[in-house]
Amino acid sequence: MLTLPIPNNLSMATTSYLDLSRCRPLPPFLSSLSACPCLPSTVTLPRWRAKLGARLDGTRLPVVGLGPIRGLGRRRLIAAVARAEPDHLGDGNAKQNGHELSVSEDAVSEKQEKASQLKKRIVFGLGIGLSVGVVVLAGGWIFTTVVAAAVFVGAREYFELVRSRGITAGMTPPPRYVSRVCSVICALMPLLTLYRGQIDVSVASAAFIVAMALHLQRGNPRFAQLSSTLFGLFYCGYLPCFWVKLRCGLAAPALNTGIGASWPIVLGGQAQWTVGLVATLISFSSIIAADTFAFIGGKAFGRTPLTSVSPKKTWEGTIAGLCGCIATTVVLSNIFCWPKSLLSAMAFGILNFFGSVFGDLTESMIKRDAGVKDSGSLIPGHGGILDRVDSYIFTGALAYSFVKTFLPLYGV
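Sequence order as written defines the numbering, with residues in each chain counted from 1. Local features in this predicted model are restricted to residues whose pLDDT is 70 or higher, and side-chain atom pairs enter the listing and the counts only when it is 80 or higher, whereas totals over whole chains, interfaces and linings include all residues. Note that the side-chain values use all heavy atoms of the structure and ignore hydrogens as well as water.

## Brief notes about the nonpolar core
Put simply, a nonpolar core is a bunch of buried Ala, Val, Leu, Ile, Met, Phe, Trp, Tyr and Cys residues held in one set by side-chain atoms that sit within 4.5 Å of each other. Buried means the residue's accessible area, taken with a 1.4 Å probe over protein chains only, is under 20% of the maximum for its type, while exposed means over 50%, and partly exposed covers the values in between. Y158, M189, Y235, W338 and V403 are the most contacted members of the largest nonpolar core, which totals 58 residues. Residues contacting W338, with those up to four places away along its chain left out, are V275, V278, A279, I282, S333, F348, V403, L407, Y410, G411 and V412. Pairs of residues are marked as contacts when any of their non-hydrogen atoms sit within 4.5 Å.

Structure below.
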């Protein structure tokens, strides 16, 4: 049996009881009726008459008739429903507002993370650029030793990419001891280039030793092991040696360079400014300009993808990078008075640009097959060594061949 409170001023001639088995339970938002302060007394109600027909929030609810107290009771019932229903609807609005708030907080945190990453990238990029400039000016053993250290780390990253799950799913990677030996051989190649001037015999000998080691290993040697290892020797060891040949091998003085005339004798005097130094500075600067202009142009105007190997690169950014590379080469050629011909300077800039783009796309292809975003995590905000020097790997060979073969008298 259920008794409900009703006002004292309402007298009932007869009392009856409500059979709960004949009524539906009320929705939760009607529970506030039992706590209504305007119904202080507790008496028994007359028999209820359930009238179906009310629909609140899509649910068919019973409308209760209160017999002799129809007017006052029904008004209080409607008032209670009106007070309870906004609370019920407010829960859904609160959940929706909370969801929107969490989404906005995630967007703000993502923007802050990107800004922090960009700041870190700029700071470390400037530090690396200044350090590389000092090393290039020093030349000789300092430049060669730094190149050898970068080659060793880059070779380790390359063989880790070759051993990654994304690539090994379709091939057999070389044994780990072979990868480590190849990394050491790659690091020795720049030193041998400075000492002997040529690297061809050393590369051929290293390839023969590695091939024999793969053939003598336990189990069945695979062609994928041989091809990935020999490409590592070529990509990480042989190609970077051309920077040593360009910087240290082309020792002809840049006679027309005005900076050399005022260069301190303590730092080498005018003899420090050789064709190799000027060509290396122009080539490095043009590659940096190509990457910078390509990034800015791609962000501002990029619409058409360049290739599926690197989806973020666009034709618009590539054209902007080409223009920036050529402009930087021409400006620096006027400053250093090398090369003397404007046509030679533009050709040198175009060659540097295509070498940088091809090196970048090659490393992107390796990373895509490996299923990774960066080749390593050595440099904060930049990834690994290969991520920073990929544009320079092929460019050194092209720049050295251009100056050595196509420029009469080395462009002096």
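Now, onward.
## So, the packing of helix α5 (residues 200-215) against helix α6 (residues 223-238)
Axis geometry follows a simple rule: fit a line to the C-alpha atoms, using only the stretch in contact for helices, then measure angles between N-to-C directions, giving values from 0 to 180 degrees. Think of it this way: any DSSP run of H or I at least four residues long counts as a helix, any run of E at least two long counts as a strand, and we number them from the N terminus. Interhelical geometry of α5 versus α6 gives an angle of 155° and a closest axis separation of 10 Å. If you check the angle between α5 and α6, you find them roughly antiparallel. In this structure, α5 meets α6 at a crossing whose hand is right-handed. Touching D200, V203, A206, A207, V210, A211 and L214 of α5 are Q225, L226, T229, L230, L233 and Y238, all from α6. Only Asp, Glu, Lys and Arg are considered charged in this grouping, and only Ala, Val, Leu, Ile, Met, Phe, Trp, Tyr, Cys and Pro are considered nonpolar; every other residue, Gly among them, is considered polar. Of the residues in the contact of α5 with α6, the class split is 10 nonpolar, 2 polar and 1 charged. In this scheme, roughly parallel covers angles under 35 degrees and roughly antiparallel covers those over 145, while 65 to 115 is roughly perpendicular and the rest are oblique. Helix crossings are classified by the rotation of the near helix relative to the far one: an anticlockwise turn of less than a right angle makes the crossing left-handed, while a clockwise turn makes it right-handed.

## Some details on the pattern of salt bridges
A side-chain nitrogen of Lys or Arg and a carboxyl oxygen of Asp or Glu constitute a salt bridge if their distance falls within 4 Å. This structure, assessed with the given rule, holds 5 salt bridges. When the shortest N-O distance is used, the salt bridge between R176 and E160 registers 3.4 Å. Separated by 16 residues along the polypeptide, R176 in helix α4 (residues 176-196) and E160 in helix α2 (residues 140-162) bring together distant segments of the chain. By relative accessible area, R176 is classed as partly exposed at 37%. Among the residues examined, E160 registers a relative accessible area of 41% and is labelled partly exposed. Between D360 and K313 there is a salt bridge whose closest N-O contact spans 3.2 Å. Residue D360 is found in helix α11 (residues 342-370), and its partner K313 is found in the loop between α9 (275-301) and α10 (315-336); the two are separated by 47 residues along the sequence. For D360, a relative accessible area of 17% translates into the label buried. It is possible to trace a salt-bridge network through shared partners that takes in E363, K367 and D387.

## Focus on a nonpolar patch on the surface
The patch calculation keeps residues exceeding 30% relative accessible area without a salt bridge and links them within 9 Å when they carry like charges or within 5 Å when they are nonpolar (Val, Leu, Ile, Met, Phe, Trp, Tyr). Each accessible area value is a Shrake-Rupley result obtained with a 1.4 Å probe; residue values ignore everything except the protein chains displayed when judging cover. A cluster of nonpolar residues, F152, V184, L188 and L192, forms a patch on the protein surface that exposes about 300 Å² of accessible area. Structurally, L188 is set in helix α4. Judged by relative accessible area, which is 43%, L188 ranks as partly exposed.

## Things to note about the packing of aromatic side chains
Between 30 and 60 degrees the pair is tilted, below 30 it is stacked and above 60 it is edge-to-face, where a pair is any two Phe, Tyr or Trp rings, Trp via its six-membered ring, whose centres lie within 6.5 Å. This model, assessed by the stated rule, comprises 19 aromatic pairs. Centre to centre, the rings of F231 and Y235 are 5.3 Å apart; their planes meet at 15°, and the pair counts as stacked. Of this pair, F231 and Y235 both sit in helix α6, 4 residues apart, roughly one helical turn. Taking the relative accessible area as the measure of exposure, Y235 reaches 1% and is therefore buried. Ring geometry for F348 versus F402: centroids 5.6 Å apart, planes at 20°, classification stacked. With a gap of 54 residues between them, F348 in helix α11 and F402 in helix α13 (residues 395-406) connect regions that are remote in the sequence. Within the aromatic cluster, the residues linked to one another by ring pairs are Y158, F159, F231, F234, Y235, Y238, F242, F358, F394 and Y400.

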